[in-house]
Amino acid sequence: MTSLTKSWINSFYLLLLMLCGLSLCCPSCTGFLLSFSSSPPPYTSFSSSTQERKIQTFSWEMKQSITNAKQLVQANHALLSTPKDIEEEEVEVVVIGSGFGGLSCAAMSAKYGRKTICVEAHDTAGGVAHPFSRYSKNDSKVPFQFDSGPSLISGLSSKSTNPLRQVLDAIDTADDVQWYKYNGWMVHDYADGKSFKLTTGDDGTFEKAIEEKAGREAREEFERFRDVMLASGGLTEVSGYIPPFALRGDVFVARSLLGYLFKFLTIGTKGLLLTGPFTLTMEKYQLTNPFLMKWFDYLAFALSGLDAAHTQAAPVSYTMGDLHRKGRMLDYPKGGMDSLIGALVKGLVKHGGELRLNSRVEQLILEETNGKACCKGVVLSDGTIIKATKGVVCNAPLWNMARIVSDSVPDETLSSSSSSSSSSILHAAVADIKKQAHEMEMTGSFMHLHLGIPKEGIPSDIEMHHSVLNFDVDIEQEQNLVIISIPTVADPSLAPEGYHIVHAYTAASENFKDWDRFLEQKEDSGKVGASPNSRTAREYSTQEGYEQLKTEKAEALWKAVEFIIPDIRERAAAEGSISIVGTPLTHRRYNQRFRGTYGPAPSPGNDVWNLPGCTTPIQGLLTCGDTCFPGIGLPGVAASGTIAANTLVDVETQLKLMRTLKSNGALQ
């Protein structure tokens, strides 16, 4: 592909203006599994023996009959199989990782008719958004079912331009998720002690709250700005013009985008605004009120882990529509994120695909073919080889993928003294990926607090979501913003009767340098190299000083929750309660996230992300997830998975599915 063609395709990519849908969930999209109960979600894997290889394949039919812990134990024995002498197998597509990007890609690939396997190192699906369960000492029958992320989502309960909703519609499982709808969240300001609610919709409630918080001038300026953004042909509308279903990572994108040519042309100069930092949009439309500027810093940070000066305008513009258009509501899946992950897995299996858990990829099969570096499959930690005739899609972050790629080529091959042309070709491709990873900046990590507390005495009308911060302080300052979720407001069945679940976290602002000293090598190599549940993986937690730092860092979370539930510490200490603190090292351990990061940040000299597309310097190796276009968040990673799946089929197959979705009203 010529550099001119690549540049042209990238221009289309940059104008996927939706980055997409409301996902204030984004910060906790990089949530983590803190621990497991004896009964993980029914669709997840059950730990396999370390002595003999056991493959867990998801069975949706079995999930329907599982209602208690005893049945889970029975299901464990029924689902685990020990293939005889399986050393090598062949499929069309291998997807590495079962995060929302990986599951979206795998399910879409299976929908397209590709023989697809999604391999996951963990014993549960969902990636950084997976759920986990814990039992209290007082109740061995009903667990606390925690979401590790995300917190706030929108545009999923009905057909919309949200890419994740479009994936669910495409794989025929959108109706399998039941939704709780609500109209906003609370914001609490340390600076003046005031609280107000962001109320969705257009009835003026939020605008009134702005006036009470910051004065009439602030309200009037917000209303003018909102009206410009939401106007016909405005940035909010334009940001949803081009769906990821119309994109792919090769020259045939010209064909798949042809039906959107008119919309593409009407974008005009708005494309420059949407792909630039949101602060440029604020300047153009004369938003200057100090409180409103801080407000949009907060909103941008909740979306990307970055302030408005470093967040593309596209996701913020789109989100304004999800928040302020008539009748808009927020969504929460009944059953927690478990049910949403289950819908993706069901779609994968329904269309002939397979999810394998406890299946860690140690190496890629890299070869030189016709003068190009090519990926032909993967090698699992137990030695199993899975060849992929069409391609391998890596859902691991770029930093982790670079380590896997590097480990896939013998040291002597990477030596600059090697004279073999095939070695030189592989070396160059691997070096390119490592260079990309080295140059990609990253955001901070998280502290998390998961609580199961008695709800007696807590107001029955308590809001489900809260943000606690100091508006007088830089939004990116460490531990300034704490986001709190109480999912049992939406679904009481997530906890034993009489209890609430509370999840609080500092959003992408934790400095991993504070935790380096507890790692064996005093730095992150990019590869944990052990099962998250193994003793080796948790050795950091036994290091001197770890518990003390963990306690110190968790204090900001406790204080924030006290803003909403003043006696939270007493409730957390009560018999039958649960209290779990997670650190950046917990996040790194369970999610294999390099340095526990939330995701990418702009590189030096750039205001916003400059993320790579789904293709890599290695032919047959594609990527999806938050370190490739379009970026962080459930909608963004679902979009990336869709684009990768599209790239692995011919354009006519892609267009056929697009026509079907359009006829059903699922695609604009």
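Every value quoted in this text rests on a predicted model; they were computed, and no experiment measured them. (Residues numbered from 1 in each chain as written. Predicted model: local features only at pLDDT ≥ 70, side-chain atom pairs only at ≥ 80, totals over all residues. Heavy atoms only, no water.)

**Points about the overall build of the chain**
Right, so step 1: A count of helices and strands for the chain gives 24 helices and 22 strands.
Right, so step 2: Across the 668 residues that make up the chain, the buried fraction comes to 61%.
Right, so step 3: A fraction of 76% describes how many contacts in the chain between residues 6 or more apart in sequence connect residues 24 or more apart. (Helix = DSSP H or I, 4+ residues; strand = E, 2+ residues; numbered from the N terminus. Buried < 20%, exposed > 50% of the residue type's maximum accessible area, 1.4 Å probe, protein only. Contact = heavy atoms within 4.5 Å.)

**Digging into the side chain of Lys-197**
Right, so step 1: With respect to the element layout, Lys-197 can be found in strand E9 (residues 195-199).
Right, so step 2: Those residues within four positions of Lys-197 in sequence are excluded, and the remaining contacts are Asn-183, Gly-184, Trp-185, Met-186, Phe-206, Ala-209 and Glu-463.

**Re the nonpolar core**
Right, so step 1: Core analysis: the largest hydrophobic core is formed by 158 residues, its most contacted members being Phe-100, Phe-278, Trp-295, Phe-296, Leu-364 and Leu-621.
Right, so step 2: The element contributing the most residues to this core is helix H14 (residues 290-304), with nine residues.
Right, so step 3: Not counting residues up to four positions away in its chain, the partners in contact with Trp-295 are Val-187, Phe-196, Leu-198, Phe-206 and Phe-471.
Right, so step 4: With 30 residues, the next largest nonpolar core counts Ile-486, Val-502, Ala-554 and Trp-558 among its residues. (Core = buried A, V, L, I, M, F, W, Y, C linked by side-chain atoms within 4.5 Å.)

**Structural notes on the pattern of salt bridges**
Right, so step 1: Scanning all chains against the criterion turns up 31 salt bridges.
Right, so step 2: Across the salt bridge formed by Glu-354 and Arg-356, the nearest N and O atoms sit 2.6 Å from each other.
Right, so step 3: For Arg-571, the salt bridge goes to Asp-567, with nearest N and O atoms at 2.9 Å.
Right, so step 4: For Arg-571, a relative accessible area of 10% translates into the label buried.
Right, so step 5: Taken together, the shared-partner salt bridges in this structure form one network comprising Glu-211, Arg-216, Arg-219, Glu-220 and Glu-223. (Salt bridge = Lys/Arg side-chain N within 4 Å of Asp/Glu carboxyl O.)

**A look at the confidence of the model for the chain**
Right, so step 1: Taken over all residues, the pLDDT of the chain has a mean of 85, while the share at 70 or more is 84%.
Right, so step 2: A low-confidence stretch, residues 1-84 (pLDDT under 50), is modelled with 250 contacts involving residues beyond four sequence positions or located in other chains.
Right, so step 3: Between residues 413-419, whose pLDDT stays under 50, and residues either more than four places distant or in other chains, the model counts ten contacts. (pLDDT = per-residue confidence, 0-100.)

**With respect to the pairing of E9**
Right, so step 1: Of all five residues making up E9, four are buried, and the element is well covered by its neighbours.
Right, so step 2: Sheet analysis places strand E8 (residues 184-189) next to E9, joined by five bridges and oriented antiparallel. Directly across from Trp-185, in E9, lies its bridge partner Leu-198.
Right, so step 3: Linking two consecutive strands that pair antiparallel, namely E8 and E9, is a turn of five residues; a positive phi of about 75° is found at Gly-193 within it. (Pairing = 2+ DSSP bridges.)

**Re the sheet that holds strand E18 (residues 482-485)**
Right, so step 1: Spatial strand order, E9-E8-E17-E18-E19-E16-E20: seven strands in an open sheet with mixed pairing. Looking along the sheet, the strands with just one partner apiece sit at the ends: E9 and strand E20 (578-582). Each adjacent strand pair in this sheet contributes to an overall mean axis angle of 20°, direction not counted.
Right, so step 2: Bridge analysis of strand E17 (residues 465-469) against E18 gives four bridges, and the strand direction is antiparallel. The partner of His-466 across the bridge, within E18, is Ile-484. (Axes fitted to C-alpha atoms, helices over the stretch in contact; angles between N-to-C directions.)

**Here we look at the packing of aromatic side chains**
Right, so step 1: Scanning all chains against the criterion turns up 22 aromatic pairs.
Right, so step 2: A centroid spacing of 5.6 Å and a plane angle of 90° characterise the contact between Phe-144 and Tyr-499, whose relative ring orientation is edge-to-face. Placement of the pair is Phe-144 in strand E6 (residues 139-147) and Tyr-499 in strand E19 (residues 499-506), with a sequence separation of 355 residues.
Right, so step 3: Joined through ring pairs, the aromatic side chains of Phe-196, Phe-206, Phe-222, Phe-291, Trp-295, Tyr-298 and Phe-471 make up one cluster. (Phe/Tyr/Trp six-rings, centres within 6.5 Å; stacked < 30°, edge-to-face > 60°.)

**Points about helix H16 (residues 337-350)**
Right, so step 1: With 14 residues, H16 extends 20 Å from end C-alpha to end C-alpha; this agrees with the ideal 20 Å at 1.5 Å per step.
Right, so step 2: Most of H16 sits out of view: twelve of its 14 residues are buried.
Right, so step 3: When H16 is considered as a whole, its buried residues turn out to be Met-337, Asp-338, Ser-339, Leu-340, Ile-341, Gly-342, Ala-343, Leu-344, Val-345, Lys-346, Gly-347 and Leu-348. (Expected span 1.5 Å × (residues − 1).)

**Things to note about the environment of Glu-539**
Right, so step 1: Relative to the helices and strands, Glu-539 is located in the loop between E19 and helix H20 (546-562).
Right, so step 2: Each C-alpha atom of the pair Glu-539 and Glu-520 lies 8.2 Å from the other, and the pair is 19 residues apart in sequence.

**Some words on a nonpolar patch on the surface**
Right, so step 1: Nonpolar side chains collect at one region of the surface, where Leu-258, Leu-261 and Leu-265 lie side by side and expose about 300 Å² of accessible area between them.
Right, so step 2: Inspection of the secondary structure puts Leu-265 in helix H11 (residues 261-267). (Patch = residues over 30% accessible without salt bridge, like charges linked within 9 Å, V, L, I, M, F, W, Y side chains within 5 Å. Areas by Shrake-Rupley, 256 points an atom, 1.4 Å probe, with all protein chains shown as cover.)

**A short note on unusual backbone geometry**
Right, so step 1: Here the residue pair Phe-629 and Pro-630 is connected by a cis peptide bond, since its omega of 5° sits within 30 degrees of zero.
Right, so step 2: Of note, Ala-508 is a non-glycine position whose phi angle comes to about 55°, a positive value.
Right, so step 3: Along the chain, the position of Ala-508 falls in the loop between E19 and H20.
Right, so step 4: For Ala-508, a relative accessible area of 7% corresponds to the buried category.

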